[in-house]
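# Observations on the three-dimensional arrangement
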Amino acid sequence: MSLPQSIRRLAAAYADQFIGIRRHLHANPELSYQEFETSAFVQEKLREMGIPFTIMAGTGVVGIIEGQYPASRVVALRADMDALPILEANDIPYASTRPGIMHACGHDVHTTCLLGAAKILQELKEQWSGTVKLIFQPGEEKNPGGASLMIKDGVLDNPRPAAIFGLHVHPQMSVGLVSFREGKVMASADEIYITVRSKGGHAAAPQYTADTILVASHIIVALQQVISRNREPQMASVLSITSFQGGHTTNVIPSEVKLMGTFRAMDEKWRFRAHELIRKIVEGTAHSMGAEVDCLIDIGYPSVYNNEALHITAKALAQTYMGENKVGETEIRMGAEDFGYYTQQVPGCFFRLGVMNAEKGIVSGVHTPTFNIDESAIETGMGMMAWLGASANI
Ligand SMILES: [Zn+2]
Ligand SMILES: [Zn+2]
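What you see is a predicted model; the values in this text were computed from it and never measured.

Take the pairing of strand β3 (residues 74–80) next. Within β3, 7 of the 7 residues are buried, which leaves it mostly tucked inside the rest of the structure. Here β3 shows two buried faces, one formed by V74, A76, R78 and D80 and the other by V75, L77 and A79. Following the backbone out of β3, through helix α3 (residues 107–123) and into the adjacent parallel strand β4 (residues 131–137), one traces a crossover that is right-handed. Taken together, the 4 bridges between β3 and strand β5 (residues 163–174) define a ladder with parallel strand orientation.

Ligation of the zinc ion (ligand 1) by protein atoms is provided by C105 (SG), E141 (OE) and H367 (NE2), these donors lying 2.0 to 2.3 Å from the ion. Between the two metals, the zinc ion (ligand 1) and the zinc ion (ligand 2), the spacing is 3.2 Å, and C105 donates to both. Of this pair, C105 sits in the loop between β3 and α3 while H367 sits in the loop between β16 (348–356) and α9 (377–391); the two residues are 262 residues apart in sequence, bridging distant segments of the chain. Residue classification places C105 among the buried positions, given a relative accessible area of 7%.

It is worth spelling out the nonpolar core at this point. Counting residues in hydrophobic clusters, the biggest one holds 67 residues, and the most contacted among them are L134, F136 and F165. The contact partners of F136, leaving out residues within four places of it in the chain, are V42, L46, G60, V61, A79, M81, T111, L114, L115 and M150. Listed in part, the 28 residues of the second largest apolar core include A210, I219, A222 and L223.

All told, the structure shown has 0 disulfides when counted by the stated rule. This cysteine, C113, is not joined by any disulfide, and C105 carries the nearest cysteine sulfur, 14 Å off. For C113, a relative accessible area of 0% translates into the label buried.

In an α-helix, one full turn covers 3.6 residues, which means residues spaced three or four apart are oriented alike. For helix α7 (residues 308–322), built from 15 residues, the straight-helix expectation of 21 Å at 1.5 Å per residue is met to within 8% by its first-to-last C-alpha distance of 21 Å. For α7, every residue scored as buried is listed here: L310, H311, A314, K315, L317, A318, Y321 and M322. When α7 is viewed along its axis, its buried side chains cluster within an angular range of 165° and face the same direction. Elements in contact with the buried residues of α7: α1 (3–27), β5, β6 (178–180), β15 (327–329), β16 and α9. For α7, the N-terminal cap is N307; the gap from its side-chain oxygen to the backbone nitrogen of A309 is 3.1 Å. At the C-terminal side of α7, G323 shows a positive phi close to 100°.

Right, let's talk about the coordination of the zinc ion (ligand 2) for a bit. For the zinc ion (ligand 2), the protein coordination sphere consists of C105 (SG), H107 (NE2) and H168 (NE2), at 2.2 to 2.4 Å. Along the chain, the residues donating to the zinc ion (ligand 2) are arranged with the sequence spacing C-x1-H-x60-H. Overall, H168 belongs to the buried group, its relative accessible area being 7%.

On to the environment of T285. Locating T285 in the fold gives a position in helix α6 (residues 268–288). Look past the residues within four positions of T285 in its chain and what remains in contact with it is V215, H218, I219 and A222. Here the side chain of T285 touches I281 through a polar contact of 2.6 Å, landing on its backbone oxygen.

Judged by pairing direction, the sheet is mixed, and its 8 strands sit side by side in the order β1-β2-β4-β3-β5-β16-β6-β15 without closing on themselves. Bordering the open sheet on either side are β1 (53–56) and β15, each of which pairs with just one other strand. Adjacent strand axes in the sheet meet at a mean angle of 30° when their direction is disregarded. Across 6 bridges, the pairing between strand β2 (residues 60–66) and β4 is antiparallel. Within β4, the residue paired with I65 across the bridge is V132. Sheet strands in contact with helix α2 (residues 36–49) are β1, β2 and β4, and its direction is about 15° off that of β2.

Another point: the pattern of salt bridges. Applying the stated criterion across every chain, the model contains 19 salt bridges. A salt bridge links E256 to K258, with the shortest nitrogen-to-oxygen separation between them at 3.8 Å. A salt bridge links R271 to E268, with the nearest nitrogen and oxygen atoms 2.9 Å apart. A residue pair is termed a helical-turn pair when its members lie 3 or 4 positions apart in one helix, as R271 and E268 do in helix α6 at 3 residues. Overall, the relative accessible area of 25% leaves E268 in the partly exposed class. Within this structure, R22, R23, D108 and E375 form a network of salt bridges that share partners.

Here is what the cut-offs are and how they apply
Residues numbered from 1 in each chain as written. Chains lettered and ligands numbered in written order. Predicted model: local features only at pLDDT ≥ 70, side-chain atom pairs only at ≥ 80, totals over all residues. Heavy atoms only, no water. Buried < 20%, exposed > 50% of the residue type's maximum accessible area, 1.4 Å probe, protein only. Helix = DSSP H or I, 4+ residues; strand = E, 2+ residues; numbered from the N terminus. Right-handed = clockwise from strand over helix to strand, strands pointing away. Pairing = 2+ DSSP bridges. Donors = N, O, S within 2.8 Å, 3.2 Å for Na, K, Ca; no water. Core = buried A, V, L, I, M, F, W, Y, C linked by side-chain atoms within 4.5 Å. Contact = heavy atoms within 4.5 Å. Disulfide = S-S within 2.5 Å. Expected span 1.5 Å × (residues − 1). Arc of directions from axis to C-beta. Polar contact = N/O pair within 3.5 Å; in protein donor to acceptor, adjacent residues only side chain to side chain. Axes fitted to C-alpha atoms, helices over the stretch in contact; angles between N-to-C directions. Salt bridge = Lys/Arg side-chain N within 4 Å of Asp/Glu carboxyl O.

Written out as structure tokens, the structure reads:
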């Protein structure tokens, strides 16, 4: 039996068992950096499989499986474990038992697929060469990003992987499909916090104070030119001001107005040039109108970049494993993923796993209270991760 055949056979044989694991994780979600039970559960499963592991970044778990000639190649496979502060609205037997916390981004599925891949790789270790590093990370949904903490703790050292793969559920793509994209796939995400200040005063005497409401309004309008006039038109980028807080009555000019927003980019050079422009526009506008201002840009995740050569390898391997017509092209997304931190360090490939089933009504997007998956995606996900871990080379 060929290796992909063996993997397909085991993925099918273990699918029900791992659907059970996913349901356990789904029912017991934990917020970012608090994945204590999830981490203990992952450790217990690795122990049962006889896979050695270490702990990193608090709740992160890193397992190692050695095939034949362990030093010949090292590949990392990554899953995230955290859930979101969302109240689940699904009426399912394995719904979240923790009100206000929900696996609404499918990280329960990612963790399950990696555990499933671990089981398959361990069982078939006579049939593949090299070392596979299993990375179960905390805190993908929250700055500074579990990936950055894992890297600081040395997840990419001893041994250093030549390639890293991660998958993400895709609720707009049918179950049974996967999709890939070369180069830029997801955006960087930085948070903007602006505070406009003046001494404030009587609304009937605006001549005695800078009007923070008017200044903040001008700032919002002026910031529109960052994308429309300064960005290279062919380069995707978004700047959205999403919160305007200030004032509480009709006859007072408030002494403080707060704005918040998000800035997304696909190019790291443009990203940091845009930060300078944003600061300049904010400060220039406020000062020209006599107000004081603070502009804080909280640096979030970098963009996700899929290495060209690895993308070609991975896509071809996916076609071998799944059949050519099951492998598609992913669109660029302006969402962010802390997987971007790994792709800055080693060649990476982030791909998508179809989980939609329109006939069964499984169509809700990630981060919604009704998000769910067609669970047959788990067999695909665990098989694909095992296959990439066992065979991808760069
Ligand atoms: Zn998410
Ligand atoms: Zn996610």
